[in-house]
There are 2 protein chains.
Amino acid sequence: MAKQGKAPTINDVARVAGVSKKTVSRVINRSPLIKQDTREKIESVIAELGYVPNPQARALALRRNFLIGLLHDNPNAQTVLNFQEGVLDAIRDTEFALVVRPVDRHSPEMLDDIRNFLEQQRLYGVLLLPPISENDELAALCEEVGCAYVRMGSAALDDDHHMVASNDREMVESAVDYLVGQGHTRIAIIQGPEGFRSAKERREGFLGAMKRHGLEVPKGYMAQGTYRFNSGISAAEELLSQEPRPTAIFSSNDEMAAGAMHAARARAISIPADLSIIGFDDSPIAAHIWPPMTTVGWPIRQMAKAAALKIVDPSNDEAEKAIFPAQLVHRSSVASPAKD
Amino acid sequence: MAKQGKAPTINDVARVAGVSKKTVSRVINRSPLIKQDTREKIESVIAELGYVPNPQARALALRRNFLIGLLHDNPNAQTVLNFQEGVLDAIRDTEFALVVRPVDRHSPEMLDDIRNFLEQQRLYGVLLLPPISENDELAALCEEVGCAYVRMGSAALDDDHHMVASNDREMVESAVDYLVGQGHTRIAIIQGPEGFRSAKERREGFLGAMKRHGLEVPKGYMAQGTYRFNSGISAAEELLSQEPRPTAIFSSNDEMAAGAMHAARARAISIPADLSIIGFDDSPIAAHIWPPMTTVGWPIRQMAKAAALKIVDPSNDEAEKAIFPAQLVHRSSVASPAKD
DNA sequence: TTGTAAGCGTTATCAC
DNA sequence: GTGATAACGCTTACAA
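Residues numbered from 1 in each chain as written. Chains lettered and ligands numbered in written order. Predicted model: local features only at pLDDT ≥ 70, side-chain atom pairs only at ≥ 80, totals over all residues. Heavy atoms only, no water.

Engineer: Help me out: how do you make sense of the side chain of Asn253 of chain B in this one?
Structural biologist: All names here are of chain B. When you line up the elements, Asn253 lands in the loop between strand E8 (248–251) and helix H11 (254–266). Its relative accessible area of 3% is what places Asn253 among the buried residues. A polar contact is formed between the side chain of Asn253 and the backbone nitrogen of Glu255, at a distance of 3.4 Å. Not counting residues within four places of it along the chain, the set of residues in contact with Asn253 comprises Asn76, Arg202, Tyr227, Gly279, Phe280 and Asp281. (Helix = DSSP H or I, 4+ residues; strand = E, 2+ residues; numbered from the N terminus. Buried < 20%, exposed > 50% of the residue type's maximum accessible area, 1.4 Å probe, protein only. Polar contact = N/O pair within 3.5 Å; in protein donor to acceptor, adjacent residues only side chain to side chain. Contact = heavy atoms within 4.5 Å.)

Right, dumping it as structure tokens:
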């Protein structure tokens, strides 16, 4: 591990080991057609010299970088960060590095920008976060430029090698079941924004369960949000002005649910006595707000790790999993409705 | 912008322009010793061909990558993400990319790991987030391996080219002034963890202001936290058991302040009527919790942008700034104390 | 002011 | 199985 002066190159290894540099290269790249003897010898020289292949040179020769890109346009900071952590779990102690790249899905040049980015940086692979992960054109683009990709979503968007997903719909159904089990019948929903697959899955899970229970969902019980805190306030104001008032609200994410709690407080509606609320994401705010919020948690970090492994180490056991079950996290924002 | 088949290389540009590739290289690198004529001609050919220099080849020849690293071990997710956004503001539309790398400051191998990372990836520069930004050995290491660095901190840690800082101490002083102005005299503090410069600055700002006002701070009014939500709960429990009880708490960050609010609620202490709270960071939770929290906001994103510019474009005006003033953000968690 | 030749550290081709 | 030799696309001497 003598690292004095300059880092040793493949040439140094070749010279010391008395072989050609191509042979060393073969050892590095685990070529099968190499004699056991030679391999062992070279490996010992590599260890002795503390040689590490130069990623820049490899990138040039291979026309591909050892970088994993994270493309996102996700409104929820915590989701993005959790995802990053998961990716890093996967690439820790490898030669890979994580490059992050937020994009703007409303820009007409988004696809061109991404194409340039992928072509120039020659990423080894990219991870696509919702909602841009739902864009099939984008997936086709990755395919076209020869960049491996994995999409993350709320439902199966692609084949198992190109996707990790949670079972949002099912989970919302059981959240509704739980509310109904507590005695609620007037249940409203704050939906996520148009164009988000997750918003659609969650809405359909909600509607499906309500129908199954024979419960009606009047128009006024379906409010629209943007997945942001403030939109939760206005959506809840709308919902809470309905007559009769809903006794429970399912919100498509926690941030909006937190907004809904503010709106309720502003009207002196107490939670959970007068109004039950269930969110989605299990983000920190759900635990930190008062009262602590019952919500649906999904294993973002494990999903991210699996997604990254699908690219950097597809043979890994953990890379096989494609569907990750979410879970209802019970806290204190749900109670039985007050008797009328 | 005809990008059919292969991307054009410097050779294509040279051939079409009828010059040597070194001349093209000079244009790319803005060498001053080139005739205006030649430059313009080459630039037009570059535009016509849609040529973009290959970063991998540049990295190999220059022995330096066009990657900006973000090294962090920060307990606050939102801080990290805001910082990332700021860096991206700075490198948008450049050839640079952002590589993120969390580290473990408790690991004895941290410095070695970072050295390997910097040497192998040959980063163009790194951004250091608190608390590891406070580590002088780390700064020396960056210097040694020839990697530009900028540290972010709560006080001037280095010269202006290597640092962006906020004026935490001053701001905490004015937060205390504000509390005193509202009539509080029994003011407690939840401190940040040992070893954080920010924790120290904030504590000293607090103590300094209290002294200036001739107010005492009994031992029991100084609780210790870890910058995490749960530590805020236990710290506040300690504080709220004191006799007489403090009428106001300054918390070294918002997360702990949110924890303190939970602790107060659990004891039916109402905020702000019975207890005023001021946090620090202006993170989303401060705005989303109830009641909305008065806190000290610091411009993380602008600081991050300036930090990144110091590395990628030092001549930029925005790169010059080194001290970024924080500001008291007034919301609803502070009121005058109830008359005894 | 511009061009030539020699790298940078790796991998691919194709002989041996 | 292994090794010359030529890429990969750019930059840095050093000349001209």
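Engineer: I would appreciate a short explanation of the domain arrangement of chain A in the present structure.
Structural biologist: You'll often see interface size given as the accessible area lost when the parts meet. By the assigned domains, chain A splits into domain 1 (10–53), domain 2 (63–166 + 300–325) and domain 3 (168–299). Centre-to-centre, using C-alpha coordinates, domain 1 of chain A lies 60 Å away from domain 3 of chain A. (Domains from an automatic or database assignment.)

Engineer: When you look at the pairing of strand E4 (residues 148–153) of chain A in this model, what are you seeing that I'm missing?
Structural biologist: The two faces of a sheet get side chains in turn, since along a regular strand they alternate between them. Residues and elements named next belong to chain A. Most of E4 sits out of view: 5 of its 6 residues are buried. Looking at chain direction, strand E3 (residues 125–128) and E4 are connected through 4 bridges and run parallel. Each residue of the ladder has a partner; that of Leu127, found in E4, is Val150. At this point the chain moves from E3, through helix H7 (residues 136–144), to the parallel E4, and the crossover so formed is right-handed. The pairing of E4 with strand E5 (residues 163–166) spans 3 bridges and is classified as parallel. Bridge assignment links Gly153 to a residue of E5, and that residue is Ala165. (Pairing = 2+ DSSP bridges. Right-handed = clockwise from strand over helix to strand, strands pointing away.)

Engineer: Teacher, can you tell me more about the protein's contact with DNA strand D here?
Structural biologist: Taken together, the neighbourhood of DNA strand D is formed by 25 residues, with Thr23 of chain A together with Ile10, Lys21, Lys22 and Tyr51 of chain B sitting nearest. The sugar and phosphate moieties of DNA strand D supply 63% of its atoms located within 4 Å of the protein. With respect to DNA strand D, the side chain of Ser25 of chain B contributes an N or O atom lying 2.6 Å from a phosphate oxygen. Within the contact set of DNA strand D, a phosphate oxygen lies 2.5 Å away from a side-chain nitrogen or oxygen of Tyr51 of chain B. Secondary structure elements with two or more residues in the surface near DNA strand D: helix H2 (21–28) and helix H4 (55–62) of chain A together with helix H2 (21–28) and helix H4 (55–62) of chain B. For the surface near DNA strand D, the element with the most residues is H4 of chain B, which contributes 4 residues. For the surface near DNA strand D, the per-class residue count stands at 11 nonpolar, 7 polar and 7 charged. (Near = heavy atom within 4 Å. Nonpolar A, V, L, I, M, F, W, Y, C, P; charged D, E, K, R; others polar.)

Engineer: Which parts of the structure should I look at to understand the sheet that holds strand E9 (residues 276–281) of chain A?
Structural biologist: Neighbouring strands of a sheet are bound in pairs by backbone hydrogen bonds; such pairs are parallel or else antiparallel. All names here are of chain A. Ordered by their spatial adjacency, 6 strands build an open sheet running E7-E6-E8-E9-E10-E12, and the pairing between neighbours is mixed. The strands lining the two open edges of the sheet, one partner per strand, are strand E7 (222–224) and strand E12 (327–329). Between one strand axis and the next, the sheet turns through 20° on average, direction left out of account. Where strand E10 (residues 294–297) lies against E12, 3 bridges are found, and the strand directions are antiparallel. (Axes fitted to C-alpha atoms, helices over the stretch in contact; angles between N-to-C directions.)

Engineer: Quick question: what am I supposed to make of the sheet that holds strand E1 (residues 67–72) of chain A here?
Structural biologist: The strand order across the open sheet built from 12 strands is E11(A)-E5(A)-E4(A)-E3(A)-E1(A)-E2(A)-E2(B)-E1(B)-E3(B)-E4(B)-E5(B)-E11(B), with neighbouring strands paired in mixed fashion. A single partner strand is all that each edge strand has here, and the edge strands are strand E11 (323–324) of chain A together with strand E11 (323–324) of chain B. Bridge count for E5 of chain A against E11 of chain A is 2 bridges, and the pairing is parallel. Bridge pairing in E11 of chain A places Ser166 of chain A opposite Phe324 of chain A.

Engineer: Honestly, the protein's contact with DNA strand C in this entry has me stumped. Any pointers?
Structural biologist: The full set close to DNA strand C counts 27 residues, and Ile10, Lys21 and Ser25 of chain A together with Thr23 and Thr38 of chain B are the nearest of them. Contact distances for DNA strand C include 2.5 Å between a phosphate oxygen and a backbone N or O atom of Ile10 of chain A. A distance of 2.8 Å separates a phosphate oxygen of DNA strand C from a polar atom in the backbone of Asn54 of chain A. When residues of the surface near DNA strand C are traced back to their parent elements, those giving at least two are H2 and H4 of chain A together with H2 and H4 of chain B.

Engineer: What exactly am I supposed to notice about the pattern of salt bridges here?
Structural biologist: Working definition: two side chains of opposite charge can pair if their charged atoms are close together. Residue and element names in this part refer to chain A. For the structure on display, the rule yields 34 salt bridges over all chains. Residue Asp89 pairs with Arg92 through a salt bridge whose shortest N-O separation is 2.9 Å. Looking at Asp89, the relative accessible area reads 23%, which means it is partly exposed. For Arg92, a relative accessible area of 44% corresponds to the partly exposed category. Across the salt bridge formed by Arg169 and Glu204, the nearest N and O atoms sit 3.1 Å from each other. With a gap of 35 residues between them, Arg169 in helix H8 (residues 168–181) and Glu204 in helix H9 (residues 197–212) connect regions that are remote in the sequence. (Salt bridge = Lys/Arg side-chain N within 4 Å of Asp/Glu carboxyl O.)

Engineer: Would you explain the packing of helix H1 (residues 10–17) of chain A against helix H3 (residues 36–49) of chain A in this entry?
Structural biologist: Angle between the axes and distance between the axes: these two values describe a pair of packed helices. Residue and element names in this part refer to chain A. Viewed as axis vectors pointing N to C, H1 and H3 meet at an angle of 125°, and their least axial separation amounts to 9 Å. On the basis of the axis angle, H1 is oblique to H3. Seen from above, H1 lies across H3 with right-handed handedness. When H1 is examined against H3, the residues Asp12, Val13, Val16 and Ala17 are found in contact with a partner set consisting of Lys41, Ile42, Val45, Ile46 and Leu49. Considered class by class, the residues forming the contact of H1 with H3 number 7 nonpolar, no polar and 2 charged. (Parallel < 35°, antiparallel > 145°, perpendicular 65-115°, else oblique. Left-handed = near helix turned anticlockwise from the far one by under 90°.)

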